[in-house]
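# Remarks on the overall topology
Below, each chain spelled out in residue letters.
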Amino acid sequence: MKQSNANPLILVDGSSYLYRAFHAMPSLTNSKGEPTGAIYGVINMLRRLLTDYKPEEIVVVFDAKGKTFRDDLYKDYKAHRPPMPAELAAQIAPIHAIIQALGIPLLVEEGVEADDVIGTLAKHAENKGIPTIVSTGDKDFAQLVNHHIRLINTMTDTELTPDSVVEKFGVPPERIVDWLTLVGDSVDNIPGVPNVGPKTATKWLNEYGSLDKIIQHADQIKGKVGENLRAHLEKIPLTKQLVTIKTDVELNLSPDALKRKTADTEKLNALYRKYEFKSWLNELLEKNSSASEKNDKHENYKTIFTENDLSEWLKRLEKSRIFAFDTETTSLNYMDAELVGVSFSDAPGQAAYIPLTHNEKTKQLNREFVLQQLKPVLENNALKKIGHNLKYDYEILARYDIHLSGIAFDTMIESAVRNSASNNHDMDSLALKYLGWRTITFEDIAGKGAKQITFDHVPIDKAATYAAEDADVTLQLHNVLWPELSKEPGLKKTFEEIEMPLIPVIARMERNGVLIDCKKLEKQSEELEKRLMELEKEAYTLADCEFNMNSPKQLQEILYDKLQLPILQKTPKGQPSTAENVLQELAESYPFPKSIIEYRGLSKLMNTYTRRLPEQINETTGRVHTSYHQMGAATGRLSSSNPNLQNIPIRTHEGRRIRQAFIAPKGHYLISADYSQIELRIMAHISEDPTLLKAFENNLDIHQATAAEVLGIPLERVTSEERRAAKAINFGLIYGMSAFGLAKQLGVDRQTAQKYIDRYFERYPMIQHYMENTRKKAHAEGFVETLWGRRLYLPDINSSQIMRQKASERMAINGPLQGSAADIIKRAMIAVDAWLIKNNSPTKLIMQVHDELVLEVPEKNIDEITEMLRTHMMSAAKLKVPLSVNIGIGHNWDEASK
């Protein structure tokens with residue numbers, strides 16, 4: 001080792017890092033389901049060390065596999081430790097690989113522990129006058145601390161020096177071995193003196209000075225603890241040897257063994273991509289990409305300013321048969337956005353941008369002329385298009401009377417179908433992950449926050465590179481994603497038969513929008529505001545003080561400090577929880593939380609819907625246009641935003657009043673078509689349970705039939721309360737509800753709930769068989785599938801943390817049911833939309849909410865559309881039981897849904 005007083009030697013306890021990271025980090029995985037939480041935690045701590053200390057000499061030391069000299073000394077050493085969890089063991093090799101790629105030396109010495117290697121290196125450094133920092137969370141290392149050696153804990157951001165060792169343990173570093181010998185170590189199964197804890201050990205050492213003197217005066221120590229000491233005297237030498245860190249391990253190291261080396265950026269790039277550490281990869285690429293490399297990527301991009309150049313590119317696109325396409329606009333709002341430019345790519349590295357309405361003096365081609373030239377190409381179904389979020393491009397072009405056809409591939413959807421567990425399907429993330437390409441971001445060219453400019457104000461030279469890169473990256477992403485997706489028949493089928501045909505359907509539905517009665521909502525807002533004021537006064541009275549109703553901190557103080565209500569649950573930081581489920585439980589016994597729950601619910605309805613919906617009406621159409629997210633959930637269910645139509649309550653009076661404000665225009669009606677008990681029907685199909693199949697085939701009330709089966713009584717004797725309990729069982733079990741959860745929902749004791757469940761499975765044995773088989777499949781494969789092969793990945797299914805594992809098992813059971821239901825209604829949407837277009841129908845598909853489709857229908861077409869809807873929705877899937885569709889008609893959504 002090189003002697004240096006400028007920079008300390010950093011010794012990292014890799015084994016301590018490993019376990020602490022594993023237990024501290026959430027159960028992260030990459031898209032292949034490989035665990036990454038410990039990798040991220042360990043490397044993140046190391047990166048911080050490198051940033052904070054910029055060490056010239058550093059080493060990470062890990063325990064080796066197999067026995068050490070301590071196992072030979074004491075056969076029960078660490079005997080109580082469970083084996084390393086498989087998901088942690090799988091992360092060790094990647095951690096080692098990244099550490100070495102970072103240029104950090106790594107040591108693993110057989111026969112000794114990492115502590116002993118670190119202890120030896122620390123003492124060698126001390127002898128040479130080199131200051132040393134040991135990074136660890138292990139208290140045993142306190143015995144090494146002196147004026148040359150200190151400890152740091154990166155997780156708690158604390159440091160141990162000789163003075164702080166005394167503060168923490170009550171004894172100086174040179175007495176720590178004595179202290180540990182008396183106390184022992186339950187984690188490593190090292191026996192201390194029975195019933196001697198930290199306080200007693202500290203007291204003795206301060207009174208007698210050392211362990212040797214304690215032993216000399218053992219006869220003077222009174223009471224049971226003195227008896228224990230005397231009885232344990234012969235074991236003390238062994239314990240002391242076990243807790244003492246060796247500082248004389250033979251290490252055959254070269255003079256440069258601990259010197260930090262230059263990072264291997266190529267290996268880091270590959271490892272960060274493999275384990276999907278986006279921010280690190282982004283940082284690495286930014287740091288190591290030169291201006292010339294960036295320019296090389298863009299050297300074959302062209303900006304089109306002339307009609308001749310446009311004509312040449314149109315010919316290229318017609319010959320290519322498939323190309324990537326992207327629009328650049330003034331806004332993300334598809335109803336208001338103006339087209340600023342378009343870009344194309346027909347081969348990797350080859351792309352063009354056509355600026356149309358940039359706010360600068362450079363002469364650009366006329367937008368109307370360019371769109372007129374592009375229209376035949378964009379509407380040609382034989383020319384296949386690739387895009388990223390093509391739904392948006394479809395809607396933008398529709399504003400200019402161009403009906404995009406030949407929609408073949410959408411890389412956002414390719415990614416989402418391939419990996420439903422990930423939430424990162426944006427182009428920048430995918431480019432990093434699959435191409436190792438740090439893209440130009442919108443903020444790079446347009447700025448951030450309040451100073452951000454719209455695209456039409458971005459200089460053409462910057463805009464052209466950005467836009468052309470988008471098209472180029474989209475094409476290259478498709479070239480990577482599609483071969484992978486094609487390998488899995490179920491995923492390929494889901495993509496080709498469901499998701500891609502759905503893009504124009506959703507686009508048309510969004511553009512259709514829905515008519516809103518503002519007056520109804522304004523009246524409801526006034527009434528809600530009045531009720532909220534009443535609830536506020538009521539809460540103030542119950543609390544005997546005024547407070548901020550929307551402040552969790554103030555609410556917490558009133559609930560638990562002032563009113564002394566029982567603490568049912570704590571936050572991760574140890575504070576009493578004010579979460580909705582906690583308040584719901586407290587509200588069963590106390591009036592104050594009941595008022596808070598009602599206040600929160602009504603406040604959310606007012607702020608999200610009754611006040612907000614009128615503000616969201618488009619000035620041009622006079623309608624509200626939501627945005628549907630095609631891959632909004634891992635199961636494939638649609639979600640929506642601005643506004644979120646999926647969360648309007650249907651069972652509450654206030655929720656139904658909001659639905660009454662969704663109206664049909666004059667001369668039209670709204671038709672609501674809702675699948676009845678679709679997930680239970682899918683359960684009957686998948687499980688093939690004869691009793692459940694028979695109930696559906698005979699068109700029985702399934703909840704009444706279940707009550708009769710479970711209770712062993714005739715159908716006609718089932719009461720409404722018994723039917724309600726059976727409904728809770730039917731839906732509860734497919735969501736993985738336990739006896740505890742069912743008991744709580746039904747208001748019965750746990751034993752009664754368990755009897756219900758046991759009886760249920762006696763009558764429906766194949767459902768239990770399905771659930772058990774699904775759990776096994778999920779544990780073995782890491783995913784479950786819908787009827788069409790859509791996959792729901794379960795990263796935590798084999799987690800060592802039982803709560804996470806059980807939650808994944810519940811998802812595994814329900815995932816195929818909910819996912820198949822999502823696939824069925826998507827298939828129905830495609831069929832209904834195709835019929836409407838084929839028949840040039842004036843009817844509009846305007847909303848999709850869970851298992852429900854809502855259409856706006858001219859009064860004269862009601863019978864025809866009702867028949868068509870029922871036919872297409874019932875034939876969207878061929879199950880072993882018939883699909884059932886409830887259809888309602890009304891002047892508003894609430895009327896139609898009844």
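Since the model is a prediction, treat every value here as computed from it, not as a measurement.

### Describing the overall build of the chain
When its secondary structure is counted, the chain shows 38 helices and 23 strands. Seen along its three principal axes, the alpha-carbon backbone of the chain occupies a region of about 105 × 80 × 60 Å. Relative to all contacts within the chain whose residues are 6 or more apart in sequence, the contacts with residues 24 or more apart total 67%. Here the chain contributes 111 positive and 122 negative side-chain charges, whose respective centroids are spaced 2 Å apart.

### Describing the pairing of strand E21 (residues 844–849)
E21 sits mainly inside the fold: five of its six residues count as buried. Direction of pairing for E21 relative to strand E22 (residues 852–858): antiparallel, over a ladder of five bridges. The residue bridging Lys-844 from the neighbouring strand is Glu-856, located in E22. Between the end of E21 and the start of E22, which pair antiparallel, lie two residues, with His-850 showing a positive phi angle near 55°.

### Remarks on the packing of helix H35 (residues 765–781) against helix H36 (residues 802–838)
Relative to each other, H35 and H36 sit at 115°, their axes nearing to 9 Å. Judged on the interaxial angle alone, H36 and H35 are roughly perpendicular. Crossing handedness for the pair H35 and H36: right-handed. In contact with Tyr-770, Met-771, Thr-774, Arg-775, Ala-778 and His-779 of H35, H36 contributes Gln-805, Glu-809, Ala-812, Ile-813, Pro-816 and Leu-817. For the contact of H35 with H36, the per-class residue count stands at seven nonpolar, three polar and two charged.

### What about the environment of Leu-281?
You can see Leu-281 is positioned in helix H13 (residues 278–288). Owing to a relative accessible area of 2%, Leu-281 belongs among the buried residues under this scheme. C-alpha of Leu-281 to C-alpha of Thr-265: the two residues are 16 residues apart in sequence and 9.9 Å apart in space. For Leu-281, the contacting residues outside a window of four places in its chain are Asn-269, Tyr-272, Arg-273 and Leu-432.

### Some details on the sheet that holds strand E11 (residues 384–387)
Pairing within the open sheet is mixed, and its six strands lie in the order E7-E10-E9-E8-E11-E12. In the strand order of this sheet, the two ends are held by strand E7 (301–303) and strand E12 (407–410), each with one partner. Strand-to-strand, the axes of this sheet are offset by a mean angle of 25°, without reference to chain direction. Here E7 runs beside strand E10 (residues 350–355); their pairing, made up of three bridges, is parallel. Residue pairing across strands places Tyr-301 opposite Ala-351, the latter belonging to E10.

### Details of unusual backbone geometry
Cis geometry marks the peptide bond from Asn-642 to Pro-643, where omega comes out at 0°. Positionally, Pro-643 belongs in the loop between strand E16 (639–641) and helix H28 (653–660). Phi at Asn-195 is positive, roughly 70°, even though this residue is not glycine. Considering the arrangement of structural elements, one finds Asn-195 in the loop between helix H7 (176–183) and helix H8 (198–208). Under the relative-accessibility criterion, Asn-195 is labelled exposed at 63%. The residue Glu-276 is not glycine, and still its phi comes out positive at about 65°. Counting through the fold element by element, Glu-276 comes out in the loop between helix H12 (265–275) and H13.

### Some thoughts on the confidence of the model for the chain
Here the chain averages 90 in pLDDT, and 99% of its residues register 70 or above. Note that pLDDT drops below 50 for residues 1–5; the model gives that stretch 18 contacts with residues more than four away or on any other chain.

### Some points on the sheet that holds strand E5 (residues 149–153)
If you walk across this open sheet you meet the six strands as E3-E2-E1-E4-E5-E6, and the pairing is mixed. Strands at the two margins of the open sheet, each flanked by one partner only, are strand E3 (106–111) and strand E6 (158–160). Sheet twist, expressed as the mean angle between neighbouring strand axes with direction ignored, is 25°. Two elements, strand E1 (residues 9–13) and strand E4 (residues 132–135), share four bridges in a ladder whose sense is parallel. Counted as the bridge partner of Ile-10 is Ile-133 from E4.

### Remarks on helix H16 (residues 367–378)
Here H16 has its buried residues at Arg-367, Val-370, Leu-371, Leu-374, Val-377 and Leu-378. The buried residues of H16 occupy an angular sector of 110° when the element is viewed end-on, so they sit on one face. With respect to the buried face of H16, the exposed residues turned more than 90 degrees away are Gln-372 and Pro-376. Where H16 is buried, its residues touch helix H15 (307–320), strand E8 (322–329), strand E9 (339–347), E10, E11 and helix H17 (390–398). A distance of 3.0 Å separates the backbone nitrogen of Glu-368 from a side-chain oxygen at the start of H16, and that oxygen is part of Asn-366.

### Here's the deal with the pairing of strand E2 (residues 58–68)
Relative to E2, E1 runs parallel, the two sharing four bridges. Counterpart to Ile-10 in the pairing with E2 is Ile-58. Here five bridges tie E2 to E3, and the two strands are oriented parallel to one another. Opposite Asp-63, over in E3, you have Glu-109 as the bridge partner.

### Considering the side chain of Gln-805
Position of Gln-805 among the secondary structure elements: in helix H36. Non-local contacts of Gln-805, meaning those with residues more than four positions away in its chain, are made with His-779, Asp-796, Ile-797, Asn-798 and Ser-799.

### Some words on the packing of helix H29 (residues 678–687) against H36
The geometry of H29 relative to H36 is characterised by a closest axis approach of 9 Å and an angle of 115° between their N-to-C directions. Taken together, the axes of H29 and H36 lie roughly perpendicular to each other. Between H29 and H36 the crossing geometry is right-handed. On H36, the residues touching Ile-678, Glu-679, Ile-682, Met-683 and Ile-686 of H29 are Asn-814, Pro-816, Leu-817, Gln-818, Ser-820, Ala-821 and Ile-824. Its residues assigned to classes, the contact of H29 with H36 shows eight nonpolar, three polar and one charged.

### Digging into the nonpolar core
Within the largest apolar cluster, 87 residues are counted, with the highest numbers of intra-cluster contacts made by Phe-662, Tyr-675, Ile-824, Met-829, Met-847, Leu-855 and Ile-865. At eleven residues, the largest contribution of residues to this core is made by H36. Apart from residues no more than four positions distant in its own chain, Leu-855 is found in contact with Tyr-669, Leu-670, Ile-671, Val-832, Leu-836, Thr-843, Lys-844, Leu-845, Ile-846, Ile-865 and Leu-869.

### Considerations on the packing of aromatic side chains
Summed over the entire model, instances satisfying the criterion amount to 21 aromatic pairs. With a centroid separation of 6.2 Å and 15° between ring planes, the pair formed by Phe-409 and Phe-495 is classed as stacked. Of this pair, Phe-409 sits in strand E12 while Phe-495 sits in helix H22 (residues 489–512), placing them 86 residues apart in sequence. Aromatic rings pair up to connect Tyr-40, Tyr-272, Phe-277 and Trp-280 into one cluster. Seen from the ring of Phe-69, Lys-246 lies directly overhead, with NZ or CZ sitting 5.3 Å from the centre. Sitting over the face of the ring of Trp-893, Arg-659 holds its NZ or CZ atom 3.9 Å from the ring centroid.

### Things to note about the environment of Ala-707
Following the sequence through the fold, Ala-707 ends up in helix H31 (residues 702–711). What makes Ala-707 buried here is its relative accessible area of 2%. C-alpha separation for the pair Ala-707 and Ser-720, spaced 13 residues apart in sequence, amounts to 9.8 Å. If near-sequence neighbours (up to four positions away) are discounted, Ala-707 is found in contact with Gly-712, Val-718, Glu-722, Arg-723 and Ala-726.

### Notes on the pattern of salt bridges
Two side chains that carry opposite charge are able to pair once their charged atoms sit near each other. Throughout the structure, instances matching the rule amount to 46 salt bridges. Arg-723 is the salt-bridge partner of Asp-701, the closest N and O atoms lying 2.9 Å from each other. In this pair, Asp-701 is assigned in the loop between helix H30 (690–697) and H31 and Arg-723 in helix H32 (residues 720–734), connecting sequence segments 22 residues apart.

About the criteria used
Residues numbered from 1 in each chain as written. Predicted model: local features only at pLDDT ≥ 70, side-chain atom pairs only at ≥ 80, totals over all residues. Heavy atoms only, no water. Helix = DSSP H or I, 4+ residues; strand = E, 2+ residues; numbered from the N terminus. Contact = heavy atoms within 4.5 Å. Lys, Arg positive; Asp, Glu negative; His and termini not counted. Charge placed at Lys NZ, Arg CZ, Asp CG, Glu CD. Buried < 20%, exposed > 50% of the residue type's maximum accessible area, 1.4 Å probe, protein only. Pairing = 2+ DSSP bridges. Axes fitted to C-alpha atoms, helices over the stretch in contact; angles between N-to-C directions. Parallel < 35°, antiparallel > 145°, perpendicular 65-115°, else oblique. Left-handed = near helix turned anticlockwise from the far one by under 90°. Nonpolar A, V, L, I, M, F, W, Y, C, P; charged D, E, K, R; others polar. pLDDT = per-residue confidence, 0-100. Arc of directions from axis to C-beta. Polar contact = N/O pair within 3.5 Å; in protein donor to acceptor, adjacent residues only side chain to side chain. Core = buried A, V, L, I, M, F, W, Y, C linked by side-chain atoms within 4.5 Å. Phe/Tyr/Trp six-rings, centres within 6.5 Å; stacked < 30°, edge-to-face > 60°. Lys NZ or Arg CZ within 6 Å of the ring centre and 35° of its normal. Salt bridge = Lys/Arg side-chain N within 4 Å of Asp/Glu carboxyl O.

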